[in-house]
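# Remarks on the overall topology
Chain by chain, the residues run as shown.
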Amino acid sequence: MFTLAEVASLNDIQPTYRILKPWWDVFMDYLAVVMLMVAIFAGTMQLTKDQVVCLPVLQSAVNSKAQPSISGNADVTPGFEATTDQDKEMAMRTVSFESAPTITPDIPLSRTTYSQLQSAVSNQEPKNEKQDSAGRKTNLDYQQYVFINQMCYHLALPWYSKYFPYLALIHTIILMVSSNFWFKYPKTCSKIEHFVSILGKCFESPWTTKALSETACEDSEENKQRLTGAQSLPKHVSTSSDEGSPSASTPMINKTGFKFSAEKPVIEVPSMTILDKKDGEQAKALFEKVRKFRAHVEDSDLIYKLYVVQTVIKTVKFIFILCYTANFVNEISFEHNCKPKVEHLTGYKEFECTHNMAYMLKKLLISYISLICVYGFVCLYTLFWLFRIPLKEYSFEKVREESSFSDIPDVKNDFAFLLHMVDQYDQLYSKRFGVFLSEVSENKLREISLNHEWTFEKLRQHVSRNAQDKQELHLFMLSGVPDAVFDLTDLDVLKLELIPEAKIPAKISQMTNLQELHLCHCPAKVEQTAFSFLRDNLRCLHVKFTDVAEIPAWVYLLKNLRELYLIGNLNSENNKMIGLESLRELRHLKILHVKSNLTKVPTNITDVAPHLTKLIIHNDGTKLVVLNSLKKMMNVAELELQNCELERIPHAIFSLSNLQDLDLKSNSIRTIEEVISFQHLKRLTCLKLWHNKIVNIPSSITHVKNLESLYLSNNKLESLPVAVFSLQKLRCLDVSYNSIAAIPVEIGLLQNLQHLHITGNKVDILPKQLFKCVKLRTLSLGQNCITSIPDKIGQLVQLTHLELKGNCLDRLPAMLGQCRLLRKSGLVVEDHLFDTLPSEVKEALNQDTSITFANGI
C-alpha cells in the first residue's frame with residue numbers, strides 16, 4: 001500500500017520552477033490533490049468497510065406478494081416459528097448472523113470471530129425464548145450466507161460501484177503527470193532549468209538594481225525638466241530636499257561644461273556606486289549566458305507545443321471522465337437483486353442484497369464530479385489563454401518605454417513563451433531580465449568595469465617610448481576605451497586595437513600633444529566635440545580594417561590630417577567596385593598609404609592629387625591592372641607600388657614630372673626596356689626595382705642621368721652593364737642576391753659612390769678599380785667566393801661598414817687599420833679571421849668599444 005505523501009509527490013516540482021506556474025496551474029494542482037484525497041479515502045473505505053448482505057427470497061413470499069420486500073437490515077422473516085430443536089438451532093444461527101458484527105465477505109472467519117458469534121447466540125437465546133418468533137425459516141447456515149454474500153458482491157453490484165476509487169485514483173495520477181510533464185521531459189527540462197537559473201541570477205544581480213535605479217533617476221529628472229522648464233537652475237538646486245534620492249528637482253548635467261557644486265546632495269545617488277569586481281564579472285558572465293541561451297531557445301517552440309499538448313490532454317480527459325461518470329451515478333444503489341444460479345447449493349434462486357457503502361460512494365462520486373467540472377473549466381480557460389494571444393512572440397515595449405534601454409529586442413518561440421509564463425507570476429522578473437538583453441546596458445556595465453580596472457596609474461605604467469622617441473600607449477582587446485586614457489595629456493601616440501565598442505569622448509581635447517592615432521579593427525565612434533578636436537589637431541591616422549565599411553565616416557572629414565594609412569579590403573561586392581569614400585575634405589593630406597587587394601587605383605585618390613606628395617600601394621599579390629588615375633597625381637614625389645604583380649613598368653608613371661623616388665618592389669617585372677622613358681623625369685633620383693625577375697639591365701639606363709640610388713637586389717642578373725657606371729651621380733648601388741660573377745673595372749668611374757651592396761652573388765675577385773671609390777662608406781661583399789682582399793682597401797678611409805662574412809678568406813689585410821672610421825661593430829667577418837689581424841689593428845678597431853665603456857662609467 002502506498003501513502004498519500006508518496007502519491008502527492010507526483011505533483012511536486014522544484015521550488016524554483018514555481019515562477020513558471022500561473023494561477024490556473026497552481027489551482028489545478030490543489031484540485032488534483034483534493035481529488036487524490038477523495039480517491040484514496042474512497043479506496044480505503046472500500047477495502048475496510050465495503051460488503052453486501054443478502055437474504056434469500058422465499059418462493060411463497062414471491063408467489064403471494066403479500067409480504068413486503070426483505071429490507072437491508074437482515075430482520076427475521078415474519079411468520080417464522082421455532083417448533084423443533086432443529087428449527088430453534090437454525091433460528092439461533094440466523095439471529096446470530098444478523099446481530100453479529102459486519103464481516104467482510106472476502107475475508108474468511110477466524111476462530112475469534114466464531115467464538116464471538118457463539119456468545120452472541122447464547123445471549124440472544126433467552127430473548128428469543130421469551131418473545132414469539134416472527135421471521136421466516138430459510139434453512140441456510142452461516143457458511144452459505146458468506147458464500148452468497150461473496151457471490152452477489154461480484155454479480156449483483158455494478159462494476160463502477162466496485163472500481164470507482166481505483167478509477168478516480170488513476171485519473172487523478174494521469175492529470176497530475178499531465179500537469180507537470182513539461183518540467184520532467186528531458187528536452188524541455190534542461191531548457192527550463194537553465195532559464196530559471198539565469199532568471200534568478202538576473203533578478204538578484206546588483207547590476208540589475210543599479211541599471212533600473214539609474215533609469216529611475218533619468219526618468220525623474222526628465223519629468224522635472226518637463227515640469228519646471230521655465231525655472232532657473234539655482235531654483236532647481238534649492239528645491240532638492242531628500243538627500244541621496246533622485247528627486248524631481250535633480251538637475252541633469254548638460255554638455256555646455258557647467259559644473260554643479262559638490263554640496264548638492266542629489267548628485268550622490270546610492271545607485272551610482274561602482275560595482276565591485278566580483279559583481280561586475282558575474283554580471284558580464286550573465287550577459288554572455290543570456291545571449292547564448294536566447295540563441296539556443298529561440299530556435300524552437302518545443303516547450304510551447306508540449307504545454308499546449310498537455311493542456312489539451314487534460315481537457316480531453318476531463319470530458320471523458322465527465323461523460324462516462326455521469327451515466328453511472330444513478331447505478332450506485334443501496335438495494336440489489338441477485339440471481340447467482342446456485343440453487344443446487346442453497347436451495348434458493350433469488351436473493352435480495354444491500355450495499356452498505358452505496359450512500360457514501362454516491363456522495364464521494366458527486367464530489368469527485370464537482371471537482372472534475374471545476375478542473376475542466378480551468379483547463380478550458382487555459383486553452384483560451386493559450387490561443388487568445390500569440391504566445392510565441394514577446395514584446396518588451398513596456399519595458400523600453402519605462403527604462404532608458406530602448407534597444408531591448410523582442411523575442412520569439414520558447415523564449416517568448418517562458419517570459420509570458422513568468423509574467424503570470426510576477427512581471428518584475430521579465431523587466432529585470434530585459435536589462436540583460438540590452439546592448440546599451442551591457443556597454444554601460446563594460447564601461448564601469450573597465451574604468452574600475454584601468455585606472456590612471458595603471459595606464460601610466462603602460463606608456464612607452466617608440467622608435468621616434470614619442471610617448472605611446474597601446475590598448476589591446478578591451479571592452480572599450482578607459483576614461484583615464486584622456487587624462488594622459490602628454491601622450492603623443494594612441495593605439496587602439498581590437499576594441500569594437502571604442503568611443504572617443506570630448507575629454508580627448510585635453511590631450512594637446514596627441515598627433516597620431518591608430519585604429520586597428522576598431523570602428524571608433526566620436527562625440528561632436530571630440531571630432532572637432534581631432535579635425536583640427538590630428539596629423540597622422542592609421543586605420544586597419546577587414547571591410548571598407550568599418551572605416552569610420554569621420555575619418556574622411558579630418559581636414560588637417562597629414563598622413564593616412566589604410567590597411568584592409570577596400571573592395572566590395574566581390575571586387576566589382578571600390579568602397580572608399582571621397583577624400584575631398586582631406587585638404588592637407590601629404591602621405592597616403594594603402595595596403596589592400598586592389599585591381600585598379602581608386603579614382604578617389606585624385607581628390608587629394610593637388611597636395612599629395614607620397615603615394616604607397618601595397619597590394620598583397622593582387623594584380624593591379626588599371627593605373628590611369630596615377631596620371632593625375634602630378635605633385636607626387638614618392639611612389640611605391642609593391643606586390644602588385646606588375647610585369648612591366650606602368651606607362652602612367654612617366655607622366656609624374658615631380659617624381660623623385662620610385663619603388664616597384666616585389667612584382668613580376670622581367671624587362672625594363674621602358675627605363676629610357678625615365679629621362680623625362682628630371683627629378684627622379686631613386687629607382688628601386690628589387691625583388692623582381694629582371695634578367696638584364698638595358699644600356700638606355702645611362703639616360704637617367706640624375707639617378708643617385710639604384711636598387712636591383714633579388715633579381716636574376718648575371719652581369720652589370722657598363723652603362724650603369726656612367727651614372728656619375730650614383731651614390732648607392734644595390735645588386736645583392738643575384739648571380740653576378742664579376743665586378744666590371746668600370747666601377748671606378750663612380751666617384752660619388754658611397755654604398756655598394758653585392759652580397760649573395762658569385763664574385764671571386766675584387767678589381768683594384770673598386771678602391772678608387774674613395775667615398776665608400778658601406779661595402780657589402782658577404783656570401784660570395786672571394787679568396788683575398790687587396791691591400792688597397794686601406795684607401796677607403798671613409799669606410800664605416802664592411803661585410804666579408806661567408807667568403808673563402810683565410811686572412812684579413814693589415815691595411816684595414818688605415819680605415820680610420822671602421823670599428824669592430826661595423827666589421828662583419830668570422831671570429832677566426834678577425835684574430836688574424838695584427839694586435840694594433842684590433843686595438844684600433846676595438847677603440848669605439850673602450851670609449852663607449854669609459855663614457856658609460
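Cut-off values and rules
- Residues numbered from 1 in each chain as written.
- Predicted model: local features only at pLDDT ≥ 70, side-chain atom pairs only at ≥ 80, totals over all residues.
- Heavy atoms only, no water.
- UniProt positions renumbered as here; feature names shortened; annotations may be inferred.
- Buried < 20%, exposed > 50% of the residue type's maximum accessible area, 1.4 Å probe, protein only.
- Helix = DSSP H or I, 4+ residues; strand = E, 2+ residues; numbered from the N terminus.
- Arc of directions from axis to C-beta.
- Contact = heavy atoms within 4.5 Å.
- Disulfide = S-S within 2.5 Å.
- Patch = residues over 30% accessible without salt bridge, like charges linked within 9 Å, V, L, I, M, F, W, Y side chains within 5 Å.
- Areas by Shrake-Rupley, 256 points an atom, 1.4 Å probe, with all protein chains shown as cover.
- Salt bridge = Lys/Arg side-chain N within 4 Å of Asp/Glu carboxyl O.

Per an unreviewed UniProt entry, the chain goes by Canalicular multispecific organic anion transporter 2 and derives from Platysternon megacephalum. Per UniProt, the comment on the chain under Sequence similarities (unreviewed entry) is "Belongs to the LRRC8 family."

## Here we look at helix α20 (residues 528–537)
Three or more residues of α20 are buried, namely A530, F531, F533 and L534. Taken around the axis of α20, the buried residues stretch over an arc of 160°, which confines them to a single face. For α20, the secondary structure elements touched by its buried residues are β9 (503–504) and β11 (525–526).

## Topic: the state of the cysteines
Taken as a whole and judged by the stated rule, the model has two disulfides. Between the sulfur of C54 and that of C353 lies a disulfide, 1.9 Å long from S to S. The S-S bond linking C54 to C353 shows a torsion near 110°; that makes this disulfide right-handed. In this pair, C54 is assigned in strand β1 (residues 52–56) and C353 in strand β3 (residues 351–355), connecting sequence segments 299 residues apart. The buried category is assigned to C54, whose relative accessible area is 1%. Using a relative accessible area of 1% as the deciding quantity, one classes C353 as buried. The partner cysteine of C152 in its disulfide is C338, sulfur to sulfur 2.1 Å. With the S-S bond torsion at -90°, the cross-link from C152 to C338 turns out left-handed. You can see C152 sitting in helix α6 (residues 142–155) and its partner C338 sitting in strand β2 (residues 335–338), a full 186 residues away along the chain. Overall, C152 belongs to the buried group, its relative accessible area being 1%. By relative accessible area, which is 1% here, C338 ends up buried.

## Side note on a nonpolar patch on the surface
Where nonpolar side chains cluster on the molecular surface, the patch consists of W23, F27, V374, Y381 and F384 and spans about 490 Å² of accessible area. Among the secondary structure elements, those contributing two or more residues to the nonpolar patch are α2 (23–49) and α14 (358–388). For the nonpolar patch, the element with the most residues is α14, which contributes three residues. Following the sequence through the fold, F384 ends up in helix α14.

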